[in-house]
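This is what each chain is made of:
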Protein chains: 4
Amino acid sequence: MIRAGIIGATGYAGGELVRLLLGHRNAEIKWFGSKSYIDKKYANVYRNMFQIVEDTCLDDNLSELADQVDVIFTATPQGYLASVLTEDILNRVKIVDLSADYRIKDVAVYEKWYQIEHKSPQLIQEAVYGLCEINREKVKVARLVANPGCYTTCSILTAYPLVKEGLIDTDTLIIDAKSGTSGAGRGAKVPNLFCEVNENIKAYGVASHRHTPEIEEQLTYAAGKEVLVNFTPHLVPMNRGILVTEYAKLKEGVSSETVRAAYEKYFAKEQFVRLLDEDDCPETKWVEGSNYVDVNFKIDERTGRVILMGALDNLVKGAAGQAVQNMNLLFGEDEAEGLKLVPMFP
Amino acid sequence: MIRAGIIGATGYAGGELVRLLLGHRNAEIKWFGSKSYIDKKYANVYRNMFQIVEDTCLDDNLSELADQVDVIFTATPQGYLASVLTEDILNRVKIVDLSADYRIKDVAVYEKWYQIEHKSPQLIQEAVYGLCEINREKVKVARLVANPGCYTTCSILTAYPLVKEGLIDTDTLIIDAKSGTSGAGRGAKVPNLFCEVNENIKAYGVASHRHTPEIEEQLTYAAGKEVLVNFTPHLVPMNRGILVTEYAKLKEGVSSETVRAAYEKYFAKEQFVRLLDEDDCPETKWVEGSNYVDVNFKIDERTGRVILMGALDNLVKGAAGQAVQNMNLLFGEDEAEGLKLVPMFP
Amino acid sequence: MIRAGIIGATGYAGGELVRLLLGHRNAEIKWFGSKSYIDKKYANVYRNMFQIVEDTCLDDNLSELADQVDVIFTATPQGYLASVLTEDILNRVKIVDLSADYRIKDVAVYEKWYQIEHKSPQLIQEAVYGLCEINREKVKVARLVANPGCYTTCSILTAYPLVKEGLIDTDTLIIDAKSGTSGAGRGAKVPNLFCEVNENIKAYGVASHRHTPEIEEQLTYAAGKEVLVNFTPHLVPMNRGILVTEYAKLKEGVSSETVRAAYEKYFAKEQFVRLLDEDDCPETKWVEGSNYVDVNFKIDERTGRVILMGALDNLVKGAAGQAVQNMNLLFGEDEAEGLKLVPMFP
Amino acid sequence: MIRAGIIGATGYAGGELVRLLLGHRNAEIKWFGSKSYIDKKYANVYRNMFQIVEDTCLDDNLSELADQVDVIFTATPQGYLASVLTEDILNRVKIVDLSADYRIKDVAVYEKWYQIEHKSPQLIQEAVYGLCEINREKVKVARLVANPGCYTTCSILTAYPLVKEGLIDTDTLIIDAKSGTSGAGRGAKVPNLFCEVNENIKAYGVASHRHTPEIEEQLTYAAGKEVLVNFTPHLVPMNRGILVTEYAKLKEGVSSETVRAAYEKYFAKEQFVRLLDEDDCPETKWVEGSNYVDVNFKIDERTGRVILMGALDNLVKGAAGQAVQNMNLLFGEDEAEGLKLVPMFP
């Protein structure tokens, strides 16, 4: 039985981690960390857990926690883990970090986009970027997994086969992303109030969103040369779900069959990536509550561009589900254990 | 392994049955019946099932189906099952009917409220009303289970302990119910269009909704005398969930402790009914996707009334979940098998 | 031209007042008061007003404001106006108060339900309860108008003709109310976040909501004897709208015609109250953005009860619209000036 | 007083036309045409109009109608107007067509994208494309106005100044559009049901949506050379609103100041186009219910692209509002008469 601790258990991603781990046959949650709700019953914060979770929220003591559990999930604000993580802790426990602290290899890039000084840059190189479909083998032997961002997972997986196989001109890649509101977190802020989000759509963080360099770094590895993208997130009046619509110029002579074959090459054996039938567009509703990413594409012969589309649940494959998937890899479990969730419709 | 067939697999309740049965360790779906989509791939109707269900929709042949499966779920329009069910079929297969055909013992009442002639009244007496928490033992030995309605399950369970224990004046009982829109089904009708439902709330079926006599019959059994209620359903702009708010005069001298003790008497051992802590009001979101019913109450000393509240997911405990619970009872399975679903939030 | 000042112009009711007064031919806003946004451009707080309102938010100086305008609207927290209003100010300016400070004549009742000490109880008697359809003549000569609450306006108008004419047993009156989320205000609180409200319905303030005594006081005047009610508000995932469903025992022999005649007696000449055709149920969407209250009823012969229904837009007839209607009465304007708003659908 | 007739008065755009014309000082509606609801009271179809509109729906007799009114609005399916319009009718009445029948000058392009044979191609050349901000003078003297599509209006106005001034490489222009659900019309179809749209976002009509050639034709006029674009619409779970996010390579040396100056050159005097302050992103909620288009832009120095954003209410500036604006131009009225609508928030 894998003993798990969560720091940041009362955010939306933390809550989803609890939901998923409760359904995992070989894991149990030993520590519900939440600085904001210390000594309060967890089920009073998330009443869906009433009579399911009897635990009380605990403080964030990483070192003490390292002695009690096999894996720690940190669903914490940017900068927190970097400020407390040490080599000594990593010797005692595996860590899956849902924040961005160890996702970006170039500390200068991290510090520029996040406007935070990184307190443990010496640990960045070791961290494995936990996009399981791409870095599976590295995750298996890691101590520290940097769990990818929600927009990032969707954006990268949707484009990966075309970038890796050189089918598109990466200089022309544009990512227009749409997200449900749980991605904004549970903080009490006016822009996230029901009446401000409902019946509304807007772009935000235009040309400046922090997930941009994370996407670029991973696609750069895939392309074997520097990739810069336009990434524009939008806030959609729904709880869960991310949809990305990506645009790029196809290389000369690339056909629909070639594109489809590229997707199949990388994803045919992946149980959590579904390449849809021709002409079916991904919809966030069809993956809600599950760990799936649905992808598909359409070529516009008139403009020579391919339109790529991907959809996932930002709290599952975009956060907690991928974190559990990484945990399974870390401990030699069936990668899908706890994640065989049928999407809920409607 | 229980072999199950579904007639009406492409309605919302049918779709939810598929989702739940896919997670059941000892059941498998052998027949996806859907008159409207014969020969079409089921996963093309419900794309959440892509790469999960490979079956094609079949016609509604009850007799043929009876030879192939152990249990048939009928999620069909009122009158369908009554028009095709026979003693012979019941000798061959168990049936859990999600329509109203066998819920009401008095065929005249059924025909008055549903405006349909009942074609097999001789089978009504045998049918067991499948509200598991109340009729558990009868369900275990039944051939034909009348699975309760969504409003009904919520309304009855919320009031049952007080009615059964004689704590309220049942002549004063009023049920004000609020439902998400999946309860209206997947039929293409203008009043169910997004733009008509969204940003709107209304009452409908006032003093005439078909779930009224079903609620009254069951509460009459509990009270040991005739109970008539006002039942008013409302349509709420959300996908899932039913909330009932019930009002009744408390009998002289009944205290909060007495009411709580009554709830505990009937529900303390029930794994799917949660009596909330004092002053916590049930919310549909806290039970979404799960088989729970959350109940609680508040006494208004000024008026001498008690306000009862109950919440459930209309597609789970209000339809497919309860149907699976009944199947488990019919076949001697753990009653909660396939139903240990943690509510999804947000 | 009526010069108007608003204190609390950046709450939702304040914003709606601005929208309505901008469409009023004989009124102009001279003061956009907002303690939270002093010196900030109003159109930066509410960007719908971009290039429409050029003013900057000002502090809450009631006395100074009294010299500059003809009428002051206070859309402020409970207790604010009571703590600053004086006889001297009332001699200089008319006041329409959207808070509850002067709605309840019995100061002890106010202090009990609001848990605030009332700082100017000597002004309570003079205040006119500004439910125009009932107190029109008194409003015309008032200095201080207590603008009714949103739930209250809907609850009272829906029941008034039956209570006034003695058609129901007021001891049996129950009000089950449903409100959109703008009624909860623009404060940044977790329970009002999009993800907490969306896809959810719940009761709140059960047997303890502050609008209860306000409803009771007004219905007591109408009945000529003390009326106590059960009032239960619910939060609905939509921006605007209140729907009330009320239940009461009809007096012996009261027919549908009698009830309809009662509604017509009081409302036939009212331009903002619409008695719907038989069997049409009020829906909040049909009054959205307008000053209308839609009402109707249905008698349940089986239980001897009448079910009353009423719908309004909580920010218009439930707040800012009624405030403008009161202003029109105070200054001898056409009562409907600025309020001839066609409801917006969808 | 302008006498107006509406054919297609019971669709969403038709309903909005009624709302707007009711607020117009110099227009009155003489004919509520609706083939589906002949002889039914209009206010029974749209109950927001109860006690406001007393008329009954009439059949679609274009020739008879031409004798009774000064202007006819056709909010009808594609192909209808083209099949009944004649020179004779145009001699008797002005027509503002909200369908696509006369928007595209090249009849072959129309027939290819709409898959309909055009029945009156001889009238296409005369029709004026009614995008008022661009074709104002031509509209004033027209007999037949082709009112632009909702996506089209937003897409074109957002890009127009940059295309006209040659600031972007039009070969790189990509338009990612998001629309509320009223754009899908009031037809009873499963994909438009509440439960299918709610909590969901998807792209549709990828590389094949009919508004594409309309956008391209108008931008081609502006650019003075052929423009082809990628246009991808998305369905958003909200009633009203369109947001477009457009991407293009800036020409060498074009600065933020240059772009802003271009917008100001064309829109500074336009009362319905609002160029937002730097860094403010358009949101559909801020224009809801009004005739405004809000636009802004952001340059991404890293990629050399400009991101353009525009928002409007699809039923107002995207349909009925623009139609009234065109009517005002046709009859020499103040262009903003009936359209001074303050956006409603929240």
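This text follows the structure it describes.
Nothing here was measured: the structure is a model prediction, and the numbers come from that model.

Tallied over the full model, the rule gives 116 salt bridges over all chains. We note a salt bridge from arginine 302 of chain C to aspartate 300 of chain C, for which the minimum N-O separation is 3.8 Å. Of the residues examined, arginine 302 of chain C reaches a relative accessible area of 29% and is grouped as partly exposed. Connected via shared salt-bridge partners are Glu16, Arg19, Arg240 and Asp313 of chain A.

On to the sheet that holds strand 1 (residues 2-7) of chain C. Residue and element names in this part refer to chain C. Overall, parallel pairing links the 6 strands, which are arranged 2-1-3-4-6-5 in an open sheet. Every interior strand has two partners, whereas the edge strands, strand 2 (27-33) and strand 5 (128-129), have only one. In terms of strand pairing, strand 4 (residues 94-97) meets strand 6 (residues 144-146) through 3 bridges, oriented parallel. In the sheet register, valine 96 faces strand 6, and the bridge partner there is valine 145. Lying over the sheet, helix 1 (residues 12-22) contacts strand 1, strand 2 and strand 3 (71-74), oriented at roughly 165° with respect to strand 1.

Here we come to the sheet that holds strand 9 (residues 230-235) of chain A. Spatial ordering of the open sheet is given by 8-9-7-10-13-12-11 (chain A), a layout of 7 strands whose pairing is mixed. Each edge of the open sheet is held by one strand with a lone partner, namely strand 8 (202-203) and strand 11 (273-275) of chain A.

We now examine the relation of the copies chain A and chain D. Superposition record for chain A on chain D: RMSD 0.0 Å, screw rotation 180°, translation along axis 0.0 Å. With respect to symmetry, the two chain copies, as superposed, fit the operation of a two-fold axis. Closest approach to the rotation axis within chain A is made by the C-alpha atom of proline 237 of chain A, at a distance of 3.3 Å. Interface residue correspondence from chain A to chain D reaches 100%, placing this contact among same-surface, isologous pairings.

A word on helix 12 (residues 316-330) of chain D. Between its first and last C-alpha atoms helix 12 of chain D spans 18 Å; for 15 residues at 1.5 Å apiece the expected length is 21 Å, and the helix comes up short by more than 12%. Helix geometry: helix 12 of chain D is bent most strongly at glutamine 322 of chain D, by close to 45°.

In this section: the packing of aromatic side chains. Following the criterion strictly, the structure yields 46 aromatic pairs over all chains and no others. Centre to centre, the rings of tyrosine 46 of chain A and phenylalanine 345 of chain B are 5.6 Å apart; their planes meet at 55°, and the pair counts as tilted. On the criterion of chain membership, the pair formed by tyrosine 46 of chain A in the loop between helix 2 (42-45) and helix 3 (62-68) and phenylalanine 345 of chain B in the segment after helix 12 (316-330) is interchain, its members lying in two chains. Of the residues examined, tyrosine 46 of chain A reaches a relative accessible area of 3% and is grouped as buried. Ring geometry for tyrosine 160 of chain A against tyrosine 266 of chain A: centres 5.4 Å apart, planes inclined by 85°, an arrangement best described as edge-to-face. Remark: tyrosine 266 of chain A occurs in helix 11 (residues 256-267) and tyrosine 160 of chain A occurs in helix 8 (residues 150-164); sequence separation between them is 106 residues.

Taken as a whole and assessed by the stated rule, the structure comprises 6 cavities of 30 Å³ or more. Here the largest cavity defines a volume of roughly 70 Å³. What lines the largest cavity is Phe194, Asn198 and Pro237 of chain A, Asn198, Glu199 and Pro237 of chain B, Asn198 and Pro237 of chain C together with Phe194, Asn198 and Pro237 of chain D. In terms of residue class, the lining of the second largest cavity is built from 3 nonpolar, 2 polar and 8 charged.

You can see serine 99 of chain D is positioned in the loop between strand 4 (94-97) and helix 6 (107-114). Here the side chain of serine 99 of chain D touches aspartate 101 of chain D through a polar contact of 3.2 Å, landing on its backbone nitrogen.

This paragraph deals with the interface of chain A and chain D. Residue-level contacts link 48 residues of chain A with 48 residues of chain D. Summed over both sides, the interface of chain A with chain D buries roughly 4,100 Å², with 56% coming from carbon and sulfur. Taken as a group, Glu199, Ile201 and Arg302 of chain A account for 17% of the area that chain A buries against chain D, more than any other trio of residues on that side. For the pair chain A and chain D, the number of links is 4 salt bridges.

In many reports, interface size means the accessible area that the parts give up when they come together. Counting residues at the interface gives 19 residues for chain B, matched by 19 residues for chain D. Both sides of the chain B and chain D interface together cover about 1,700 Å² of buried area, and 61% of this is carbon and sulfur. Residues glutamate 196 of chain B and arginine 186 of chain D are paired through a salt bridge, measuring 2.8 Å at the closest nitrogen-oxygen approach. The class makeup of the residues in the side of chain B that touches chain D is 9 nonpolar, 6 polar and 4 charged.

On to the environment of phenylalanine 345 of chain A, then. Judged by relative accessible area, phenylalanine 345 of chain A falls into the buried class, the value being 4%. For the pair phenylalanine 345 of chain A and glutamate 288 of chain A, spaced 57 residues apart in sequence, the C-alpha to C-alpha distance is 7.6 Å. With near-sequence residues (within four places) excluded, phenylalanine 345 of chain A lies in contact with Lys285 and Trp286 of chain A, Tyr12, Glu16, Tyr46, Asn48, Arg186 and Arg240 of chain B together with Cys195 and Glu196 of chain D.

Our next topic: the nonpolar core. As a rule of thumb, nonpolar side chains are buried together in soluble globular proteins. Leu21 and Phe73 of chain A together with Leu21 and Phe73 of chain C are the most contacted members of the largest nonpolar core, which has 97 residues in total. Ignoring any residue separated from it by four or fewer positions in sequence, one finds leucine 21 of chain A in contact with Ala4, Ile6, Ala27, Ile29, Phe73, Val324 and Met327 of chain A. Val18 and Leu98 of chain B together with Val53 and Leu235 of chain D belong to the second largest nonpolar core, which has 96 residues in total.

Scoring rules and cut-offs
- Residues numbered from 1 in each chain as written.
- Chains lettered and ligands numbered in written order.
- Predicted model: local features only at pLDDT ≥ 70, side-chain atom pairs only at ≥ 80, totals over all residues.
- Heavy atoms only, no water.
- Salt bridge = Lys/Arg side-chain N within 4 Å of Asp/Glu carboxyl O.
- Buried < 20%, exposed > 50% of the residue type's maximum accessible area, 1.4 Å probe, protein only.
- Pairing = 2+ DSSP bridges.
- Helix = DSSP H or I, 4+ residues; strand = E, 2+ residues; numbered from the N terminus.
- Contact = heavy atoms within 4.5 Å.
- Axes fitted to C-alpha atoms, helices over the stretch in contact; angles between N-to-C directions.
- Least-squares fit on C-alpha atoms with pLDDT ≥ 70 in both.
- Expected span 1.5 Å × (residues − 1).
- Bend = angle between axes of the 7 residues up to and from the residue.
- Phe/Tyr/Trp six-rings, centres within 6.5 Å; stacked < 30°, edge-to-face > 60°.
- 1 Å grid on protein atoms, 1.4 Å probe; cavity = no way out; pocket = protein on both sides within 12 Å on 5 of 7 lines; lining within 4 Å.
- Points joined across faces, edges and corners; volume = space filled by probe spheres on them.
- Nonpolar A, V, L, I, M, F, W, Y, C, P; charged D, E, K, R; others polar.
- Polar contact = N/O pair within 3.5 Å; in protein donor to acceptor, adjacent residues only side chain to side chain.
- Buried area = accessible area lost by both parts, 1.4 Å probe.
- Core = buried A, V, L, I, M, F, W, Y, C linked by side-chain atoms within 4.5 Å.

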